[in-house]
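# An overview of the molecular structure
Here is what each chain is made of, one letter per residue.
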Amino acid sequence: KNGGLYVKLGQSVNTLAHILPPEYMKYFSGLLDQAPQASYEDVKRILDEDLGSELVSRLETFEPVAIASASIAQVHIATLRDGTKVAVKIQKPWIQKQLPFDLACYQILVFLLEKVFDLPMFWTTQTVCEVITEESDFRIEAANSERAASNWKESSKWRNRVYVPKVFGDFTTRRVMVQEFVNGR
């Protein structure tokens, strides 16, 4: 219910499948792509604020219910007027305001755990906070995606085995990223 960083921390717990009981994995696995969704009204508002009619005028269809929802964003399927199927990743509306508070709470919690259990862990918080802050800026994700695509193309071994969906840079902002939709395996 708290969303944001709390869902992100739950997702981290899910990566510990090798040491935690199956009951934990059953509970936390839904956080990977089935976290609570923002309303369609919020989604439309963010699209309007960030892209105005620029994207909307190029859309043929837009699915109001997200196909996946995680800690920071949710993904909707849409079709451009030229028939291209795209994934529209939209940041949840409360993230920008909630993130600094959540990260401060996280740092306080780690500081207290360090003091109570005498485990030197606080030094890790700066990196974690930087990574999560960067993750909330989809322009960085888009640049990383484009760099990954370029790197995979340069690899003779992986060139024809790894495919990175095309990013539509014209429709990428801090809170919105549009990519070619590709069914994964």
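Here's what I pulled together on the structure shown here. (Residues numbered from 1 in each chain as written. Predicted model: local features only at pLDDT ≥ 70, side-chain atom pairs only at ≥ 80, totals over all residues. Heavy atoms only, no water.)

## Thoughts on the overall build of the protein
- What the protein contains, in helices and strands, is seven helices and five strands.
- The order of helices and strands in the protein, counted from the N terminus, is α-α-α-α-β-β-β-β-α-α-α-β.
- Out of the 185 residues belonging to the protein, those deemed buried represent 35%.
- In the protein, once contacts between residues fewer than 6 apart in sequence are set aside, the share between residues at least 24 apart is 54%.
- Accessible surface computed for the protein: about 11,600 Å², of which carbon and sulfur atoms make up 57%. (Helix = DSSP H or I, 4+ residues; strand = E, 2+ residues; numbered from the N terminus. Buried < 20%, exposed > 50% of the residue type's maximum accessible area, 1.4 Å probe, protein only. Contact = heavy atoms within 4.5 Å. Areas by Shrake-Rupley, 256 points an atom, 1.4 Å probe, with all protein chains shown as cover.)

## Details of the side chain of Glu114
- Along the polypeptide, Glu114 turns up in helix 5 (residues 95-117).
- Reaching out from Glu114, the side chain makes a polar contact with the backbone nitrogen of Met121 at a distance of 2.8 Å.
- With residues up to four places along the chain from it excluded, the contact list for Glu114 reads Leu119, Pro120, Met121, Phe122 and Trp123. (Polar contact = N/O pair within 3.5 Å; in protein donor to acceptor, adjacent residues only side chain to side chain.)

## Notes on the environment of Asp137
- Checked against the element boundaries, Asp137 lands in the loop between helix 6 (125-135) and helix 7 (138-154).
- Its relative accessible area of 7% is what places Asp137 among the buried residues.
- In this structure, the C-alpha to C-alpha distance between Asp137 and Gln91, residues 46 residues apart in sequence, is 8.9 Å.
- A polar side-chain atom of Asp137 sits 2.8 Å from a polar atom in the side chain of Arg139.

## So, the pattern of salt bridges
- One pass over the structure, following the stated rule, counts eight salt bridges.
- As a salt-bridge pair, Arg45 and Glu49 come within 3.2 Å of each other at their nearest N and O atoms. On the criterion of helical spacing, the pair formed by Arg45 and Glu49 is a turn pair, its members being four residues apart in helix 3 (residues 40-51).
- Between Asp137 and Arg174 there is a salt bridge whose closest N-O contact spans 3.0 Å. Here Arg174 lies in the loop between helix 7 and strand 5 (176-180) and Asp137 lies in the loop between helix 6 and helix 7, a separation of 37 residues in the sequence.
- One continuous salt-bridge network, built from bridges that share partners, spans Asp42, Arg45, Glu49, Asp50 and Arg175. (Salt bridge = Lys/Arg side-chain N within 4 Å of Asp/Glu carboxyl O.)

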